[in-house]
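Coordinates in review
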Amino acid sequence: MGVVSRGFGGRRGEEGRASRTPPGQYLTEDFPVLSAGPTPEVHVEEWTFTVAGGAEPVSWTWEQFRALPSETVTSDIHCVTRWSKLDTTWDGVSVDTLLAEVDHDASHALAVSYGGYTTNLPLEDLLDGKAWVAYAYDGEPLDPEHGGPARLLVPHLYFWKSAKWIRGLRLLDEDQPGFWENAGYHNHGDPWAEQRYWGD
Ligand SMILES: Nc1nc2c(c(=O)[nH]1)N[C@H]1C(S)=C(S)[C@@H](COP(=O)(O)O)O[C@H]1N2
Ligand SMILES: [Mo]
């Protein structure tokens, strides 16, 4: 009694899974769909991604966007409604790659989506390999319910920051709350600090 053996689980064992689950979260193998409104119909023929707020707006068509270097990313995701999912795999273009083409001195960004959703992030949460515009999940084109053709992926923050059906970033020199942030969600949303709601 009383002896707890550690060290045989590793990242893949039960202990590893527990240590990767932020406080107040449970693990699921499902992929729940959470949308504040209907799924907008977004066709790649008309899709554009625009970064506004810099010296000049910069836009990519779907074809131009898909010609950019992309990365396969495996990471854990955490929804504020308390489900977490480990080892999700995505393909996307890093926000570093996109913003490298934009002349700006912004500190913050508002992600804007087809359908009107918005969410805000400081640039430091979008740069240095922390965020992607993802177009595939598990090696397949992203389902419309999950944000296809493309969504923001910011896995280190609660998943409401990962705007589905993204159509661009508005660069800002001050913070500007988005849809859920205006409705009482935490402005930053770090799952390890349980930054769920305003005042947490
Ligand atoms: N455009 C848009 N993006 C969104 C949302 C939304 O309602 N609209 N919901 C957010 C929330 S609260 C979560 S948890 C995730 C859910 O993504 P999923 O439906 O792929 O699981 O998308 C986020 N991105
Ligand atoms: Mo969510």
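Reference entry: report on the structure contained in this document. (Residues numbered from 1 in each chain as written. Chains lettered and ligands numbered in written order. Predicted model: local features only at pLDDT ≥ 70, side-chain atom pairs only at ≥ 80, totals over all residues. Heavy atoms only, no water.)

In the region of ligand 1, 20 residues are neighbours, and Pro-32, Ala-36, His-146, Arg-151 and Lys-164 sit closest. The backbone of Pro-32 places a nitrogen or oxygen atom 2.6 Å from an oxygen atom of ligand 1. Within the backbone of Leu-34, a nitrogen or oxygen atom sits 2.9 Å from an oxygen atom of ligand 1. Computed on the free molecule, ligand 1 has an accessible area of 530 Å², of which 97% lies beneath the protein chains in the complex. Of the residues belonging to the shell around ligand 1, the class tally is 13 nonpolar, 4 polar and 3 charged. (Near = heavy atom within 4 Å. Polar contact = N/O pair within 3.5 Å; in protein donor to acceptor, adjacent residues only side chain to side chain. Areas by Shrake-Rupley, 256 points an atom, 1.4 Å probe, with all protein chains shown as cover. Nonpolar A, V, L, I, M, F, W, Y, C, P; charged D, E, K, R; others polar.)

Take the environment of Pro-141 next. The topology assignment puts Pro-141 in strand β9 (residues 140-141). Judged by relative accessible area, which is 64%, Pro-141 ranks as exposed. If we skip the residues at most four places from it in the chain, Pro-141 touches Tyr-135 and Ala-136. (Helix = DSSP H or I, 4+ residues; strand = E, 2+ residues; numbered from the N terminus. Buried < 20%, exposed > 50% of the residue type's maximum accessible area, 1.4 Å probe, protein only. Contact = heavy atoms within 4.5 Å.)

So, on to the nonpolar core. Within the largest apolar cluster, 37 residues are counted, with the highest numbers of intra-cluster contacts made by Phe-49, Trp-60, Phe-65, Leu-126 and Leu-152. For this core, the secondary structure elements donating two or more residues are β2 (48-52), β3 (58-61), α2 (62-66), α3 (95-99), β6 (108-113), β8 (132-137) and β11 (166-172). (Core = buried A, V, L, I, M, F, W, Y, C linked by side-chain atoms within 4.5 Å.)

For strand β7 (residues 118-122), the buried fraction is high: 4 of the 5 residues fall into the buried class. Bridge analysis of β6 against β7 gives 5 bridges, and the strand direction is antiparallel. Along β7, the bridge assignment pairs Leu-110 with Asn-120. Hairpin remark: β6 followed by β7, antiparallel, with 4 residues in the connecting loop; positive phi at Gly-115, about 100 degrees. (Pairing = 2+ DSSP bridges.)

What follows covers the sheet that holds β7. Strand order in the open sheet formed by 5 strands is β3-β2-β11-β6-β7, and the pairing between neighbours is mixed. The open sheet has two edge strands, β3 and β7, and neither has a second partner. Ignoring strand direction, the axes of neighbouring strands in this sheet form an average angle of 15 degrees. (Axes fitted to C-alpha atoms, helices over the stretch in contact; angles between N-to-C directions.)

A cluster of acidic residues, Glu-56, Asp-103, Asp-105, Asp-173, Glu-174 and Asp-175, forms a negative patch at the surface. Mapped onto the secondary structure, Asp-173 falls in the loop between β11 and α4 (179-182). (Patch = residues over 30% accessible without salt bridge, like charges linked within 9 Å, V, L, I, M, F, W, Y side chains within 5 Å. Salt bridge = Lys/Arg side-chain N within 4 Å of Asp/Glu carboxyl O. Lys, Arg positive; Asp, Glu negative; His and termini not counted. Charge placed at Lys NZ, Arg CZ, Asp CG, Glu CD.)

What follows deals with the pattern of salt bridges. A complete count under the given rule lists 6 salt bridges for this structure. In this structure, Arg-20 and Asp-76 form a salt bridge, with 2.8 Å as the shortest nitrogen-oxygen distance. Pair noted here: Arg-20 is in the loop between α1 (14-19) and β1 (26-27) and Asp-76 is in strand β4 (residues 71-78), with a separation of 56 residues, a long-range link. By relative accessible area, which is 11% here, Arg-20 ends up buried. The salt bridge partner of Arg-196 is Glu-194, with a shortest N-O separation of 2.7 Å. For Arg-196, a relative accessible area of 3% corresponds to the buried category. Residue class for Glu-194 comes out partly exposed when judged on its relative accessible area of 28%.

As a further point, take the side chain of Asn-120. Mapped onto the elements, Asn-120 comes out in strand β7. A relative accessible area of 2% means that Asn-120 is categorised as buried. Of note is the side chain of Asn-120, whose polar atom sits 2.9 Å from the side chain of Asp-175. Residues contacting Asn-120, with those up to four places away along its chain left out, are Ala-109, Leu-110, Lys-161, Asp-175, Gln-176, Pro-177, Gly-178, Glu-181 and Asn-187.

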